[in-house]
Amino acid sequence: KAYTSYIRAYKEHHCGFIFRFASLDLGVLATSFCLLRLPKMPELRDKLGKLNFKPAGPEINIHAIPFKDKAREAARQKRLAAELAAGGKNAKQIKAEQRAAERIRKQKERREAETA
């Protein structure tokens, strides 16, 4: 939320001649916010191919990263389960990302076992 709020505040600032949105490097800004993936927002729609941003690879299962707060983690797990049960477009994407991360993790384990 911080990244999207920052971009929207920067874009809607009253001193547009000082805070020029066109000169803002959104990919580097996303990297500085330590994002694993870019959020879906209208400001990024036109610039997706031109951004200097490398998303997290398939070896990182971003849906398995837990919150430290147990209440927030329980709520996240509940939302994730509801999304997967609904079976929509996001559920298919989540399942595909989880399968890819699991496949890469198993390949790494096999390589480590062979070398040991």
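Calculation rules
Residues numbered from 1 in each chain as written. Predicted model: local features only at pLDDT ≥ 70, side-chain atom pairs only at ≥ 80, totals over all residues. Heavy atoms only, no water. Helix = DSSP H or I, 4+ residues; strand = E, 2+ residues; numbered from the N terminus. Expected span 1.5 Å × (residues − 1). Buried < 20%, exposed > 50% of the residue type's maximum accessible area, 1.4 Å probe, protein only. Arc of directions from axis to C-beta. 1 Å grid on protein atoms, 1.4 Å probe; cavity = no way out; pocket = protein on both sides within 12 Å on 5 of 7 lines; lining within 4 Å. Points joined across faces, edges and corners; volume = space filled by probe spheres on them. Axes fitted to C-alpha atoms, helices over the stretch in contact; angles between N-to-C directions. Parallel < 35°, antiparallel > 145°, perpendicular 65-115°, else oblique. Contact = heavy atoms within 4.5 Å. Nonpolar A, V, L, I, M, F, W, Y, C, P; charged D, E, K, R; others polar. Phe/Tyr/Trp six-rings, centres within 6.5 Å; stacked < 30°, edge-to-face > 60°. Patch = residues over 30% accessible without salt bridge, like charges linked within 9 Å, V, L, I, M, F, W, Y side chains within 5 Å. Areas by Shrake-Rupley, 256 points an atom, 1.4 Å probe, with all protein chains shown as cover. Salt bridge = Lys/Arg side-chain N within 4 Å of Asp/Glu carboxyl O.

1. Some remarks on helix H4 (residues 70-86)
Turning to step 1, where the next piece is worked out: Compared with the 24 Å implied by 1.5 Å per residue over 17 residues, the 24 Å span of H4 between its first and last C-alpha is a close match.
Turning to step 2, where the next piece is worked out: Restricting attention to buried positions, one finds in H4 the residues Glu73, Arg76 and Leu80. Take H4 and look down its axis: the buried residues cluster within an arc of 60°, on one side only. Seen from the open side of H4, the exposed residues pointing more than 90 degrees away from its buried face are Ala71, Lys78, Arg79, Ala85 and Ala86.
Turning to step 3, where the next piece is worked out: One or two residues past the end of H4 sits glycine 87, with phi positive at roughly 70°.

2. Things to note about the layout of surface pockets
Turning to step 1, where the next piece is worked out: Computed from the structure, the largest pocket encloses a volume of approximately 1,200 Å³.
Turning to step 2, where the next piece is worked out: If you trace the largest pocket, you find 26 residues lining it, with Arg37, Leu38, Pro39, Ile62 and His63 closest to the centre.
Turning to step 3, where the next piece is worked out: With 5 residues, the single largest contributor to the lining of the largest pocket is H4.

3. Let's talk about the packing of H4 against helix H5 (residues 89-115)
Turning to step 1, where the next piece is worked out: Packing of H4 against H5 brings their axes to within 7 Å, and their N-to-C directions diverge by 110°. What the angle tells us is that H4 and H5 run roughly perpendicular. Where H4 abuts H5, its residues Leu80, Glu83 and Leu84 lie against Asn90, Ala91, Ile94, Lys95 and Gln98.
Turning to step 2, where the next piece is worked out: For the contact of H4 with H5, the per-class residue count stands at 4 nonpolar, 2 polar and 2 charged.

4. Thoughts on the packing of aromatic side chains
Turning to step 1, where the next piece is worked out: One pass over the structure, following the stated rule, counts 2 aromatic pairs.
Turning to step 2, where the next piece is worked out: Judged by centre distance (5.7 Å) and plane angle (75°), the rings of tyrosine 3 and phenylalanine 33 are edge-to-face. Residue tyrosine 3 is found in helix H1 (residues 2-11), and its partner phenylalanine 33 is found in the loop between helix H2 (26-32) and helix H3 (42-45); the two are separated by 30 residues along the sequence.
Turning to step 3, where the next piece is worked out: Grouping aromatic residues by their ring pairs yields a cluster made of Tyr3, Tyr6 and Phe33.

5. Points about a nonpolar patch on the surface
Turning to step 1, where the next piece is worked out: The grouping of Leu36, Ile60 and Ile65 at the surface amounts to a nonpolar patch, some 230 Å² of accessible area in total.
Turning to step 2, where the next piece is worked out: Mapped onto the fold, isoleucine 65 is located in the loop between H3 and H4.

6. Regarding H1
Turning to step 1, where the next piece is worked out: For H1, the full list of buried residues reads Tyr3, Thr4, Ile7 and Tyr10. Taken end-on, H1 shows its buried residues confined to a sector of 135°, consistent with a single buried face.
Turning to step 2, where the next piece is worked out: In this structure, the buried residues of H1 make contact with H2 and H3.

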